[in-house]
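Listed here are the chains, written in short residue letters.
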Amino acid sequence: MRFRVGLKQILAASLSLAFIIGLIGNAVVAQDGAQPKHDLKEVMKVAHKDGLLKKIIAGQASQEEKQTLLDLYISMVEAKPKKGEMTSWHHLAGGAALAAAKVVVGREGAVAELEKASNCKACHDVHK
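Computed from a predicted model, the values in this text were never measured in an experiment. (Residues numbered from 1 in each chain as written. Predicted model: local features only at pLDDT ≥ 70, side-chain atom pairs only at ≥ 80, totals over all residues. Heavy atoms only, no water.)

1. Remarks on the layout of surface pockets
Item 1. Put simply, the largest pocket is a space of about 520 Å³.
Item 2. Taken together, 21 residues line the largest pocket, and the ones lying closest to its centre are Leu40, Lys41, Met44, His124 and Lys128.
Item 3. Those elements giving two or more residues to the lining of the largest pocket turn out to be helix H2 (40-49), helix H4 (63-78), helix H5 (86-105) and helix H7 (120-127).
Item 4. Of the residues forming the lining of the largest pocket, the biggest block, 6 residues, is contributed by H2.
Item 5. Residue composition of the lining of the largest pocket, by class: 11 nonpolar, 5 polar and 5 charged. (1 Å grid on protein atoms, 1.4 Å probe; cavity = no way out; pocket = protein on both sides within 12 Å on 5 of 7 lines; lining within 4 Å. Points joined across faces, edges and corners; volume = space filled by probe spheres on them. Helix = DSSP H or I, 4+ residues; strand = E, 2+ residues; numbered from the N terminus. Nonpolar A, V, L, I, M, F, W, Y, C, P; charged D, E, K, R; others polar.)

2. Some thoughts on the side chain of His127
Item 1. Within the secondary structure layout, His127 lies in helix H7.
Item 2. A polar contact of 2.9 Å, which involves the side chain of His127, links it to the backbone oxygen of Lys83.
Item 3. Those residues within four positions of His127 in sequence are excluded, and the remaining contacts are Pro81, Lys82, Lys83, Gly84, Glu85, Ser88, Trp89 and Leu92. (Polar contact = N/O pair within 3.5 Å; in protein donor to acceptor, adjacent residues only side chain to side chain. Contact = heavy atoms within 4.5 Å.)

3. Thoughts on a positive patch on the surface
Item 1. Among the surface-exposed residues, Lys41, Lys49, Lys82 and Lys128 lie close enough to one another that they form a single positively charged patch.
Item 2. Along the chain, Lys82 falls in the loop between H4 and H5.
Item 3. Using a relative accessible area of 71% as the deciding quantity, one classes Lys82 as exposed. (Patch = residues over 30% accessible without salt bridge, like charges linked within 9 Å, V, L, I, M, F, W, Y side chains within 5 Å. Areas by Shrake-Rupley, 256 points an atom, 1.4 Å probe, with all protein chains shown as cover. Salt bridge = Lys/Arg side-chain N within 4 Å of Asp/Glu carboxyl O. Lys, Arg positive; Asp, Glu negative; His and termini not counted. Charge placed at Lys NZ, Arg CZ, Asp CG, Glu CD. Buried < 20%, exposed > 50% of the residue type's maximum accessible area, 1.4 Å probe, protein only.)

4. A short note on the side chain of Ser118
Item 1. Among the structural elements, Ser118 can be located in the loop between helix H6 (110-117) and H7.
Item 2. Among the polar contacts made by the side chain of Ser118, one reaches the main-chain carbonyl oxygen of Leu114 at a distance of 2.8 Å.
Item 3. Here the side chain of Ser118 touches Glu115 through a polar contact of 3.3 Å, landing on its backbone oxygen.

Here is the structure:
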């Protein structure tokens, strides 16, 4: 029996590693004053108000649109919320980013996980 690694497995591993590096890198961002690629206003506008998330959940998004959401959510993890503990922020925003990564690589059940992880009220109650 031969062990074969497919493109999806390589992408999943790469995205998982990038996500972990992003979380670790957040401490560096806070220290050197660097900013996330997208600010929180832009993330909320593009991902939520403009309907990108809804399009993905409805199964109508292109691969590029899915990757855009992941990029936005990574910036959300890197950003600092208006209020609340960073540990809570990383848990909530990181969960959304991980779910978006799973959608990008086509994991089974990922869309439902993304829908649950992107609950606006859960974040807004403690961080806005």
